[in-house]
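In case you want the letters, here they are:
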Amino acid sequence: MSAALIWIIIGIVLILSELLLTSVIAVFLGIGAIVTGLLLHWNIIEQSASQFAVFGSVSLVLLVVARGHFKRWFMGYTADEDEAKPNFQRDIGARVKVIRDFNHGAGRVVLNGVQWDAFSDDELKAGDTAWVIANEGIQLTVAKQKPSVATKA
């Protein structure tokens, strides 16, 4: 087996390993290995020092230049997400559906398909719509009226 074929096989294995690792790094190492294998196959490079230099250079340049773009492709994109706020603050102002009547201020709601324990000063019944006014870890505080913009900040 030639050295060029070994580089190409290593590159393919690295790219396929990205499916398990999801760190968006192995794919660039894989591309660097494939480029090195192809250059070696076409007799553009020969010595092992130049092979490792090409592998390292191509991998590093791709990592620095393209990682952000690749990561967005793998992670997806949500247009309405506010990156400046922590996750728990993004829920403030969200609409929820009450699934269990509130007794003594405590009940259960659904937010983004997930059931939450919730508290409210309002009388809420199953099927009502409420709005998140605070997120206290694993419990939400909700109200019958939508919070104003000043409350959301």
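Everything below is about the structure printed above this text.
Residues numbered from 1 in each chain as written. Predicted model: local features only at pLDDT ≥ 70, side-chain atom pairs only at ≥ 80, totals over all residues. Heavy atoms only, no water.

A. The nonpolar core, seen in detail. If you look at the biggest cluster of nonpolar residues, it comprises 12 residues: Val 96, Val 98, Phe 102, Val 109, Leu 111, Trp 116, Ala 118, Leu 124, Ala 130, Val 132, Leu 140 and Val 142. Top contributing element to this core by residue count: strand 1 (residues 95-103), with three residues. Contacts of Val 98, omitting those with residues within four sequence positions, involve Arg 108, Val 109, Leu 124, Lys 125, Ala 126, Gly 127, Asp 128 and Ala 130. (Core = buried A, V, L, I, M, F, W, Y, C linked by side-chain atoms within 4.5 Å. Buried < 20%, exposed > 50% of the residue type's maximum accessible area, 1.4 Å probe, protein only. Helix = DSSP H or I, 4+ residues; strand = E, 2+ residues; numbered from the N terminus. Contact = heavy atoms within 4.5 Å.)

B. Focus on unusual backbone geometry. The backbone of Asn 43 sits at a positive phi, close to 60 degrees, despite the residue not being glycine. Note on Asn 43: relative accessible area 57%, which makes it exposed. Here the phi dihedral of Asn 112 falls at roughly 55 degrees; this positive angle occurs in a residue that is not glycine. Considering the arrangement of structural elements, one finds Asn 112 in the loop between strand 2 (106-111) and strand 3 (114-119).

C. Up close: the sheet that holds strand 5 (residues 139-143). The strand order around the closed barrel formed by five strands is 1-2-3-5-4, and the pairing between neighbours is mixed. Strand-to-strand twist across the sheet, computed as the mean angle between neighbouring axes with direction ignored, equals 50 degrees. In terms of strand pairing, strand 1 meets strand 4 (residues 129-136) through three bridges, oriented antiparallel. Bridge assignment links Lys 97 to a residue of strand 4, and that residue is Thr 129. (Pairing = 2+ DSSP bridges. Axes fitted to C-alpha atoms, helices over the stretch in contact; angles between N-to-C directions.)

D. Seen up close, the packing of aromatic side chains. Scanning all chains against the criterion turns up two aromatic pairs. With 5.6 Å between their ring centres and 65 degrees between their planes, Trp 7 and Phe 52 make a pair best called edge-to-face. Of this pair, Trp 7 sits in helix 1 (residues 3-21) while Phe 52 sits in helix 3 (residues 48-75); the two residues are 45 residues apart in sequence, bridging distant segments of the chain. With relative accessibility at 10%, the residue Trp 7 sits in the buried group. Between Trp 7 and Phe 55, the ring centres sit 5.3 Å apart and the planes meet at 45 degrees, which makes this aromatic pair tilted. (Phe/Tyr/Trp six-rings, centres within 6.5 Å; stacked < 30°, edge-to-face > 60°.)

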